[in-house]
Amino acid sequence: MRLLTALISLGLLALGIGAILAVAAFAHYSKDLPDYSYLKDYQPPTLSRIYADDGRMMAVVAQEQRIFVPISTIPARVKDAFLSAEDADYYQHGGVDYSGILRAVFVNLENVGRERHPMGASTITQQVAKNKLLTNEVSFSRKIREAILATRLEKVLTKDRILEIYLNEIFLGSHSYGVGAAALNYFNKSLDELTVAEAAYLAALPKAPNNYNPVRDHAAAVARRNWVIGRMAENNYITKDEAEMAQRDPLETRSRDEADSVNADYFSEEVRRQLIDKFGEEQVLEGGLAVKTSLDPKLQDAATRALREGLLNYDRRARGWRGPVAHLKDFGEWQAALKKIPIPAGGEAWQIAAVIGLKNDKADLAFADNARGTIPWTEMSWARREFAGDKFGPAVKKPGDVLAVGDVVMVEPVKASEDGKAYPANSFTLRQVPVVEGAIVALDPHTGRVFALDGGFSAHISQFDRATQAERQPGSSFKPFVYMAALDKGFTPASLIMDSPFSLYQGPGLPLWHPENYDDEDLGPVPLRVGIEKSQNVMTVRIANAIGMPIVVDYAKKFGIADDMPQFLSFALGSKETTPLRLVTAYGMIVNGGKKIAPSLIDRVQDRNGKTIWRADNRDCTGCFSAGWTSQLVPPDIPDTREQIEDPRTAYQMVHILEGVVQRGTGKSLRDIDFPLAGKTGTTNDSKDAWFIGFTPDLVCGVYIGFDNPVTLGGHETGASVAVPIFRSFITAAIKGKPAVPFRVPPGLRMVRVDPATETLAPPSNKEAIWEAFIPGTEPQEGQIRSILDGSAEGAGADASHPTSGGVMEPLTPMPQPETPELAIPAEPAPTAAPAPATTGTGGLY
């Protein structure tokens, strides 16, 4: 009896001491616990989504790819799967499952020496406490702090709220944070579309997502998934029959269908940059923004395809073959070796193949999957060898001149040759990533909404966006703004300008400047219209000198081409750098009748709750948000707030002149397209940059081509040969199925039938006559004598003249130069010009 009493006393003493120690430990580990009150209103970092105009996904921007899903909309099937796998007694315990701890202790004791992973006993609440409030440190003290926090969390947060945080925070592999993102990334489904087997697989991942990869670790992934399904049956969430059916389901992941998304890497990256500028990096990466853009998927696809094909065609025509990707020394284990060879950046759309045989008319190919194919001779006959230093080998005459057995090359399936001759099945064309680059932009001239934008051959090569970031000389594509300034200063489309050699004084100690036409052809006295159609440099310089470079600079600034520009005559020929996006926007302001627009890629931004926090169009519209239809007879009257920066009559005169570029000038290769088109080519000195900016009444598209490190495209390459074919490919797709609406003519113009070559009144028998647009009172008259804007050699400009409204010329005062010492002009009767920069020149400006 005494012994029993002693034992009881010792037991009570031990319990007391244990209680004291527990209280002391609790007090000790409760010190400096992190504040958990913020979890009441906690919103997890959520990815921002960028959408095309048709609602399809373009890109996500996030540090953690997470789609927040409220607990009320998470299906019971998904919750049941995670509770079965992670915390079956979740709704019964108070944050710490003591029975689970004891069970884990016994199981782990039994497994000692069996090399099995220890069984954990952390509840979902404890996992939330660890993930949001503590670190991943493996220690006894961290587990105690975790348990204390878990019990406190249960007192301030509901069970559903804690489960909501857990299901949206947990990392599930495949760049997926939370069940919403995981469902999309693994199965391309929303949560309510998941099957029992798919929900169970997601619930199998929290412990070690890298160990249950559905492709790399398929067997382990299926076993773990089936274990979760079994647990769901044990917990009566599903029946035994449902469990057996789910366990028999194959584990198959599904990537997002191409039809569900839009690939526009450069466009998306520019949107990301603009979002960060507007809202800051944290809000963009974690704020769950929904961004609706102006991108038109059809036009974007056409633009990407046109630019890539154009760059590839130039690379074949003007460059050469830069060699295979790799070479196999022998064919032992060749398939394994071929699989290990990475595809070069930019070639992701092509296939890797090994050359296994050469004949007179083809090369035989083998692929890593042991498939076979051939490259017909006509698909490699372009491939003369290209060497460093812009040097080339001789023309090739047979496949052996291009390839060798063992070469590893990139190829793309092809069905027919360029002339339409059908190839045998499994025929391929030889591919290489071009070294030339370019950009294409298409936008709405009335609103500035950018429909399509591509800044290079592939964003995998470089994310440098040549559409928005590359500042290059526009060359002659700048000339329309010089001629518009002249039209506003009294010139007319019929004003005669002398197109013949002359010289301009540049300043003390500097040689005379001799502006030259691209083809060295001088046309003599011709109408102003011809100067644009034929892109004559000499005429442009005469006009800029006549109206004054300060006015030209003002037009460049008000149309947004440049923020500032030196007042040098050479800059009238497009020597001032600009970006394709800025130049295309400037042309848009010509098309729309002189209204100021700004390019816009983003239409609207909503926060994670669906509230619009920014939109591009901020015009007031009192009738746009009516609760319902009330038999209104007309649509709401939305005010036009665009600034009028150009006389709409002048703008249309330039549109009409640029139509002539397509019909008779440097863009005449487009005239067979049965649709209203206008535009202007541009080629800079030494053919380093090639441009074409073209438009319809409702769409402007600009194409730029050039090397990132400016070198010549080739002595005979121009905007007409390089950029126009790309525009043609794009615009043909863009106008398909669209009605051919003519360019809009503003009031206040008089249409007169004239000969386009002379701008004199045309008789009815003249089949080449056009209707020219004149401001009333300036149209040519029968028998009218017209003076010529002229300037003689070495700058003696006594004959320089200026048109009156009727087209008769009057004396012109030479243009003053900026008052800088190095440009001081001596007192002599000569038109003056600033030095032509060596990097621009004029010969070759087209």
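Residues numbered from 1 in each chain as written. Predicted model: local features only at pLDDT ≥ 70, side-chain atom pairs only at ≥ 80, totals over all residues. Heavy atoms only, no water.

### Remarks on the overall build of the protein chain
Okay, so step 1: Tallying secondary structure elements over the protein chain gives 21 helices and 25 strands in all.
Okay, so step 2: For the protein chain, the residues scored as buried account for 51% of the 846 residues in total.
Okay, so step 3: Intrachain contacts of the protein chain at a sequence separation of at least 6 include 69% that bridge at least 24 residues.
Okay, so step 4: Total accessible area on the protein chain is roughly 39,400 Å²; 54% of this is exposed by carbon and sulfur atoms. (Helix = DSSP H or I, 4+ residues; strand = E, 2+ residues; numbered from the N terminus. Buried < 20%, exposed > 50% of the residue type's maximum accessible area, 1.4 Å probe, protein only. Contact = heavy atoms within 4.5 Å. Areas by Shrake-Rupley, 256 points an atom, 1.4 Å probe, with all protein chains shown as cover.)

### Quick look at the sheet that holds strand E14 (residues 496-499)
Okay, so step 1: Reading across the sheet, the three strands line up as E15-E14-E23 and stay open at both edges, with mixed pairing between neighbours. Where the open sheet ends on each side, the last strands, each with one partner, are strand E15 (524-527) and strand E23 (788-789).
Okay, so step 2: Taken together, the four bridges between E14 and E15 define a ladder with antiparallel strand orientation. When the sheet's bridge partners are listed, Asp-499 is paired in E15 with Gly-524.
Okay, so step 3: Against the sheet, helix H17 (residues 537-547) makes contact with E14, E15 and E23, and its axis sits at roughly 125° relative to E14, the strand it touches most. (Pairing = 2+ DSSP bridges. Axes fitted to C-alpha atoms, helices over the stretch in contact; angles between N-to-C directions.)

### Focus: the nonpolar core
Okay, so step 1: Membership of the largest hydrophobic core comes to 87 residues, with the highest contact counts inside it found for Phe-267, Phe-481, Phe-559 and Phe-695.
Okay, so step 2: The greatest single-element share of this core, amounting to eight residues, is contributed by helix H19 (residues 580-591).
Okay, so step 3: Setting aside residues up to four positions removed in sequence, Phe-267 forms contacts with Met-58, Thr-293, Ser-294, Leu-295, Gln-300, Val-450, Ala-452, Leu-453 and Leu-601.
Okay, so step 4: Phe-82, Ala-129, Ala-199 and Val-228 belong to the second-largest nonpolar core, a separate cluster that totals 50 residues. (Core = buried A, V, L, I, M, F, W, Y, C linked by side-chain atoms within 4.5 Å.)

### Overview of the packing of aromatic side chains
Okay, so step 1: Under the criterion given, the structure shown has 20 aromatic pairs.
Okay, so step 2: Here the aromatic rings of Phe-82 and Tyr-166 are separated by 6.5 Å at their centres, their planes lie at 80°, and the arrangement is edge-to-face. With Phe-82 in helix H2 (residues 76-86) and Tyr-166 in helix H6 (residues 159-169), this residue pair connects regions lying 84 residues apart in the sequence. We note that Phe-82, like Tyr-166, is buried. (Phe/Tyr/Trp six-rings, centres within 6.5 Å; stacked < 30°, edge-to-face > 60°.)

### Thoughts on a negative patch on the surface
Okay, so step 1: On the surface, Glu-516, Asp-519, Asp-520, Glu-521 and Asp-522 cluster together into a patch of negative charge.
Okay, so step 2: With respect to the helices and strands, the residue Asp-520 is situated in the loop between E14 and E15.
Okay, so step 3: In this structure Asp-520 comes out as exposed when scored by relative accessible area, which is 55%. (Patch = residues over 30% accessible without salt bridge, like charges linked within 9 Å, V, L, I, M, F, W, Y side chains within 5 Å. Salt bridge = Lys/Arg side-chain N within 4 Å of Asp/Glu carboxyl O. Lys, Arg positive; Asp, Glu negative; His and termini not counted. Charge placed at Lys NZ, Arg CZ, Asp CG, Glu CD.)

### Section: the environment of Ala-129
Okay, so step 1: Take Ala-129: it is sitting in helix H4 (residues 124-133).
Okay, so step 2: Judged by relative accessible area, which is 0%, Ala-129 ranks as buried.
Okay, so step 3: Sequence spacing of Ala-129 and Thr-151 is 22 residues, and the spatial spacing of their C-alpha atoms is 9.7 Å.

### Digging into unusual backbone geometry
Okay, so step 1: Look at His-175: it is not a glycine, yet its phi comes out positive at around 60°.
Okay, so step 2: Its location among the elements puts His-175 in the loop between H6 and helix H7 (179-187).
Okay, so step 3: Residue His-175 is classed as exposed on the basis of its relative accessible area of 61%.
Okay, so step 4: With a phi angle near 65°, Asn-236 is a residue other than glycine that sits in the positive phi range.
Okay, so step 5: Turning to its location among the elements, Asn-236 is positioned in the loop between helix H9 (218-234) and helix H10 (240-248).
Okay, so step 6: For Asn-236, a relative accessible area of 66% translates into the label exposed.

### Observations regarding the pattern of salt bridges
Okay, so step 1: Considering all chains together, one arrives at 44 salt bridges under this definition.
Okay, so step 2: With a closest N to O distance of 2.8 Å, Arg-66 and Glu-64 form a salt bridge.
Okay, so step 3: Note on Glu-64: relative accessible area 26%, which makes it partly exposed.
Okay, so step 4: Among the salt bridges present, the one from Asp-465 reaches Arg-273, with a minimum N-O distance of 3.9 Å. In this pair, Asp-465 sits in the loop between strand E13 (450-454) and helix H15 (479-488) while Arg-273 sits in helix H11 (residues 265-279), placing the two residues 192 residues apart along the sequence.

### Comments concerning the sheet that holds strand E18 (residues 678-683)
Okay, so step 1: Read from one edge to the other, the open sheet built from five strands follows the order E13-E12-E20-E19-E18, with strand pairing classed as antiparallel. Whereas interior strands pair on both sides, the edge strands pair on one side only; in this sheet they are E13 and E18. For this sheet, the mean angle separating the axes of adjacent strands, direction not counted, is 5°.
Okay, so step 2: Relative to strand E20 (residues 699-706), strand E12 (residues 437-443) is paired through seven bridges, and the arrangement is antiparallel. Within the sheet, the bridge partner assigned to Leu-443 lies in E20 and is Val-700.
Okay, so step 3: Where helix H20 (residues 648-664) meets the sheet, its contacts fall on E18 and strand E19 (689-696), and the angle it forms with E18 comes to roughly 65°.

### Considerations on the packing of helix H13 (residues 297-318) against helix H21 (residues 719-734)
Geometrically, a packed helix pair is captured by the angle between its two axes and the distance between the axes.
Okay, so step 1: For the pair H13 and H21, interaxial distance at closest approach is 9 Å and the crossing angle is 150°. By the angle class used here, H13 and H21 are roughly antiparallel. Seen from above, H13 lies across H21 with right-handed handedness. Counting all contacts with H13, which are made through Lys-298, Leu-299, Ala-302, Ala-303, Arg-305, Ala-306, Leu-307, Glu-309, Gly-310, Tyr-314 and Arg-317, the residues of H21 involved are Ser-721, Val-722, Ile-726, Ser-729, Phe-730, Ala-733 and Ala-734. (Parallel < 35°, antiparallel > 145°, perpendicular 65-115°, else oblique. Left-handed = near helix turned anticlockwise from the far one by under 90°.)

### Examining the pairing of strand E10 (residues 407-413)
Okay, so step 1: Burial analysis of E10 places five of its seven residues in the buried class, the great majority of the element.
Okay, so step 2: The pairing of strand E4 (residues 326-327) with E10 spans two bridges and is classified as antiparallel. Looking across to E10, one finds that His-327 is bridged to Asp-407.
Okay, so step 3: Pairing analysis gives four bridges linking strand E5 (residues 351-358) to E10, with the strands arranged antiparallel. Paired with Ile-352 across the strands is Met-410, a residue of E10.
Okay, so step 4: Examined bridge by bridge, E10 and strand E11 (residues 428-431) share four bridges and lie antiparallel to one another. For Glu-412, the partnering residue across the bridge sits in E11 and is Thr-429.

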